[in-house]
Amino acid sequence: MAAIGMYLGQLLKFIYDFVGNYGVAIIIFTILIRIVLLPFYVQQMGTMKKMKEINPLVEDLKKKYAKDPQKLNEEMMKLYKEKNVNPMSGCLPMLLPLIILWPLFAMLRNYPAFSTASFLWLKSLADKDPYFILPILSGITTYISSAMIQTDNSQKSMNLIMSAFMIWITVSLPAGVGIYWVTSNIFQIAQQYFFLRPTESMKGESSNEGNNKNRKNS
């Protein structure tokens, strides 16, 4: 882990030598890290996209078998198998990037050059954001990112709690870490927009399902 942190620090210093500002260097550094980790997130996005596609069917099953949890579980397993969806397949790809992310955060929190580095309104990237701009952006971008992948309204409260938690965490972190987190969230939002947007076939299927329900009701 320490070796990974050392190499990440060298990469950040290499970028700084080109751009001459640690704030800009962190932004470029963050984008590069996210690109390196992109294959892991692509697999996760694929699982999320499939889960969002079948969510209306899952909700129908929950209503139909609300009083029979065992039958509900059986029918949901059948649905996942029929649609070739494995809800757990998105978890493993998220565990592997932690090998990089843990030493990355440790490196950013203790980076010596941040104490004399300034960026925009921040006089020192080693200090907390005095105007709480980064914590607020952290909370907003965390909420947007979470809202984009929520499958039902019951998750809204959890998204708000997570966003508030990220604001609280970022308030106590060095500004350099805050810049990394906000940039990473913005990249995540763009990534999710690209990978989770409905395809034409999905729109067609949704339209057909809606027409079928209208015919049944009439």
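Note that the structure is a prediction, hence the values are computed from the model and not measured.

## Some words on unusual backbone geometry
Here's step 1: Unlike most non-glycine residues, Leu120 shows phi in positive territory, near 50°.
Here's step 2: Secondary-structure assignment places Leu120 in the loop between helix H5 (98-109) and helix H6 (133-149).
Here's step 3: Here the phi dihedral of Phe132 falls at roughly 60°; this positive angle occurs in a residue that is not glycine.
Here's step 4: Tracing the chain through its elements places Phe132 in the loop between H5 and H6.
Here's step 5: Residue classification places Phe132 among the partly exposed residues on the basis of a relative accessible area of 43%.

## Here's the deal with the pattern of salt bridges
Here's step 1: Considering all chains together, one arrives at three salt bridges under this definition.
Here's step 2: In this structure, the salt-bridge partner of Asp17 is Lys13, at a minimum N-O distance of 2.8 Å. One end of the pair, Asp17, and the other, Lys13, are both in helix H1 (residues 2-19), four residues apart, so they sit about a helical turn from each other.
Here's step 3: Measuring nitrogen to oxygen at the nearest pair gives 3.2 Å for the salt bridge that ties Glu75 to Lys71. You can see Glu75 and its partner Lys71 sitting in helix H3 (residues 69-82), four residues apart, about one turn around the helix.
Here's step 4: Taking relative accessible area as the criterion, Glu75 reaches 16% and is therefore assigned buried.
Here's step 5: Under the relative-accessibility criterion, Lys71 is labelled partly exposed at 26%.
Here's step 6: Where salt bridges share partners, they join Lys71, Glu75 and Lys78 into one cluster.

Cut-off values and rules
Residues numbered from 1 in each chain as written. Predicted model: local features only at pLDDT ≥ 70, side-chain atom pairs only at ≥ 80, totals over all residues. Heavy atoms only, no water. Helix = DSSP H or I, 4+ residues; strand = E, 2+ residues; numbered from the N terminus. Buried < 20%, exposed > 50% of the residue type's maximum accessible area, 1.4 Å probe, protein only. Salt bridge = Lys/Arg side-chain N within 4 Å of Asp/Glu carboxyl O.

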